[in-house]
Amino acid sequence: MATPADILRKIEDEGIELIDLKFIDLPGIWQHLTVHKSQIDESSFSDGVAFDGSSIRGWKAINESDMSMVPDPDTAWIDPFMAEPTLSMICTIKEPRTGELYERCPRAIATKAINYLKSTGIGDTAFFGPEAEFFIFDDVRFDQNEHSSYYYVDSVEGRWNTGKEEPGGNLAYKPRYKEGYFPVAPTDTSQDMRSEMLLTMAKLGVPIEKHHHEVATGGQCELGIRFGELIQAADWLMIYKYCIKNVARKWGKTVTFMPKPLFNDNGSGMHTHQSIWSNGQPLFAGDRYAGLSQTALWYIGGILKHAPALLAFTNPTTNSYKRLVPGFEAPVNLAYSQGNRSASVRIPLSGDNPKAKRLEFRCPDATSNPYLAFAAMLCAGLDGIKNQIDPGDPLDVDIYDLSPEELAKIPSTPGSLLDALKALEADQGFLTSTGVFTEDFISNWIEYKLDNEVNPMRLRPHPYEFALYYDC
């Protein structure tokens, strides 16, 4: 555990002049402010550094804009993407008038989620392990106005042997649709870039495991990192996204975590592993289904019951629901299974080690704000434990062999962001009764999403509609 004194000593010993303070906005994008070392002293780690919060999306009005960002000394690292040696730290936002955590700060909400877990007496630690997938493209262009709309995506890998010319000639070896999983070079063209991404994260303190190409064409990849405690895992995921985007930029590429940027190919998800511990002991291992404890089954019951509302945070974009489509491999079935990847909750094979026993919620994607998504999932699971919610029978069958009548009996995820927001509006007690989320935050989130994403999309004609309807 680093202390403020440790950080100040590091700044002096290493001759660091600049400190970059990073914090997350409401939708889930890092913002930052760079200050000279003279602006940082020991009080900065308790009182924070003042800034104007009125221009941050979904936050303060202009008449109450003064806010403070409080750096976490445990998150300090030298930023590898800045020319001048710069110490980066992740911050939580505080109200300078009251000294309280700002109720719309996502990292503050994650802090409250852990405090709530401890207050229940159920456990004291929540571990989360996100698996975030992404695409690497070579050229991306998009625009929209009152009379036109388009996007264009190009990838060296994704030219799909269409005969398109390349410098030096098109040498084939392109992954076919849905056949991108684990090919070697020359089909896999991003090996060295992924290695640089992974090792850069390691230098910043993120515990790394692996990297590989994913199922889709167009440079879909995944880098594996270890699980961590809730806030730590969210911090690592933000570093993950920051590193991947900036390393790709160095290579003349661009990365997106958009769930469904390509038609007719697999989308990118963020399967999220999770478990609860108490006093250093795991609570999810037992002698019930798939080696789970009754506590774990109740946790699953909470996740499944509240999943429609949860998706407003775990799948928070209109594009998220281009991936979550029934009838494909997407995890849209609100059921659990130890082997069925079409179920929204999967219990991974973890051997006999009780410390490895966990569940995997497969719906989320990496457009989510991880602090909000992890906090909401924890609240849903704890509600399941407190109210002993039965998750029902597991779904250990091939959904493609089910009749339409049998399939209709399995509840499904919402079909759109609008449906998820409606579910959140109707089912928010598991979040607000805990004190983790406030009613103001929930209503602000719904309003922001409707005004900035759902309604603008509903108002605009889609390019494909011209192909469907122009000659009507």
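Residues numbered from 1 in each chain as written. Predicted model: local features only at pLDDT ≥ 70, side-chain atom pairs only at ≥ 80, totals over all residues. Heavy atoms only, no water.

Draft legend 1. Local environment of the overall build of the protein. Each helix and strand in the protein was counted, giving 12 helices and 18 strands. Overall size of the protein, expressed as C-alpha extent along the three principal axes, is 65 × 60 × 50 Å. Looking at the protein alone, contacts between residues at least 24 apart form 68% of all its contacts between residues at least 6 apart. Within the structure as shown, the protein displays about 21800 Å² of accessible surface, and the carbon and sulfur contribution to it stands at 51%. (Helix = DSSP H or I, 4+ residues; strand = E, 2+ residues; numbered from the N terminus. Contact = heavy atoms within 4.5 Å. Areas by Shrake-Rupley, 256 points an atom, 1.4 Å probe, with all protein chains shown as cover.)

Draft legend 2. Fine view of the packing of aromatic side chains. A complete count under the given rule lists 23 aromatic pairs for this structure. On the basis of an interplanar angle of 25° and a centroid distance of 5.7 Å, the ring pair of Phe 23 and Trp 59 is categorised as stacked. A residue pair is termed long-range when its members are at least 10 positions apart, and Phe 23 in strand β1 (residues 18–24) and Trp 59 in the loop between β3 (49–52) and β4 (66–71) qualify at 36 residues. Neither Phe 23 nor Trp 59 differs from the other in exposure class; each is buried. Centroid distance Phe 134 to Phe 257: 5.5 Å. Interplanar angle 50°. Geometry classified as tilted. Remark: Phe 257 occurs in the loop between β13 (254–256) and β14 (270–278) and Phe 134 occurs in strand β7 (residues 125–137); sequence separation between them is 123 residues. (Phe/Tyr/Trp six-rings, centres within 6.5 Å; stacked < 30°, edge-to-face > 60°. Buried < 20%, exposed > 50% of the residue type's maximum accessible area, 1.4 Å probe, protein only.)

Draft legend 3. Main features of the packing of helix α3 (residues 191–203) against helix α4 (residues 230–250). Look at α3 against α4: their axes get within 9 Å of each other, and the N-to-C directions meet at 140°. Comparing their axes, α4 and α3 come out oblique. Considering how the two elements wind past one another, α3 and α4 form a crossing that is right-handed. Residues Met 193, Glu 196, Met 197, Thr 200 and Met 201 of α3 form the contact with α4, whose own contacting residues are Tyr 240, Cys 243, Ile 244, Val 247, Ala 248 and Lys 250. Considered class by class, the residues forming the contact of α3 with α4 number eight nonpolar, one polar and two charged. (Axes fitted to C-alpha atoms, helices over the stretch in contact; angles between N-to-C directions. Parallel < 35°, antiparallel > 145°, perpendicular 65-115°, else oblique. Left-handed = near helix turned anticlockwise from the far one by under 90°. Nonpolar A, V, L, I, M, F, W, Y, C, P; charged D, E, K, R; others polar.)

Draft legend 4. Inspection of empty space enclosed by the protein at higher detail. Scanning the entire structure with this criterion turns up one cavity of 30 Å³ or more. The space that makes up the largest cavity amounts to roughly 70 Å³. Taken together, Ile 136, Asp 138, Ser 155, Glu 157, Thr 189, Ser 190, Met 193, Gly 219 and Lys 253 make up the lining of the largest cavity. Taken together, the residues of the lining of the largest cavity sort by class into two nonpolar, four polar and three charged. (1 Å grid on protein atoms, 1.4 Å probe; cavity = no way out; pocket = protein on both sides within 12 Å on 5 of 7 lines; lining within 4 Å. Points joined across faces, edges and corners; volume = space filled by probe spheres on them.)

Draft legend 5. Highlighting the packing of helix α5 (residues 294–314) against helix α7 (residues 370–386). Two elements in contact, α5 and α7, have axes separated by 6 Å at closest approach and are oriented at 140°. The angle between α5 and α7 places the two elements in the oblique class. Handedness of the crossing formed by α5 with α7: right-handed. Across the interface between the two elements, Thr 295, Trp 298, Tyr 299, Gly 302, Ile 303, His 306, Leu 310, Phe 313 and Thr 314 of α5 pack against Leu 372, Ala 373, Ala 376, Met 377, Leu 378, Ala 380, Gly 381, Leu 382, Asp 383, Gly 384 and Ile 385 of α7. In terms of residue class, the contact of α5 with α7 is made up of 13 nonpolar, six polar and one charged.

Draft legend 6. Main features of the pairing of β1. Counting buried residues in β1 gives six out of seven residues, a clear majority hidden from the surface. The pairing of β1 with strand β2 (residues 30–36) spans seven bridges and is classified as antiparallel. Along β2, the bridge assignment pairs Lys 22 with His 32. Counted between consecutive antiparallel strands, the loop separating β1 from β2 contains five residues, among which Gly 28 sits at a positive phi close to 120°. (Pairing = 2+ DSSP bridges.)

Draft legend 7. Quick look at the side chain of Arg 194. Residue placement: Arg 194 occurs in helix α3. When its relative accessible area of 1% is taken as the criterion, Arg 194 is described as buried. A distance of 2.9 Å separates a polar atom in the side chain of Arg 194 from a polar atom in the side chain of His 211. Every residue in contact with Arg 194, bar those within four places of it in the chain, is listed here: Asp 188, His 211, His 212, His 213, Cys 221 and Leu 223. (Polar contact = N/O pair within 3.5 Å; in protein donor to acceptor, adjacent residues only side chain to side chain.)

Draft legend 8. Looking closely at the nonpolar core. Core analysis: the largest hydrophobic core is formed by 121 residues, its most contacted members being Phe 134, Met 197, Tyr 240, Phe 313, Leu 378 and Phe 437. Sorting elements by how many residues they give to this core places α4 first, with 14 residues. Residue contacts for Phe 313: discarding those within four places in its chain leaves Ser 368, Asn 369, Leu 372, Ala 373, Ala 376, Leu 424, Leu 431, Phe 437, Phe 441, Ile 442 and Trp 445. (Core = buried A, V, L, I, M, F, W, Y, C linked by side-chain atoms within 4.5 Å.)

Draft legend 9. Summary view of the environment of Glu 131. Following the sequence through the fold, Glu 131 ends up in strand β7. Note on Glu 131: relative accessible area 24%, which makes it partly exposed. Along the chain, Glu 131 and Ala 366 lie 235 residues apart, while their C-alpha atoms are 8.6 Å from each other. If near-sequence neighbours (up to four positions away) are discounted, Glu 131 is found in contact with Glu 222, Gly 269, Met 270, His 271, His 273 and Glu 360. Within the local environment of Glu 131, its side chain forms a polar contact with the side chain of His 273, the two groups lying 3.0 Å apart.

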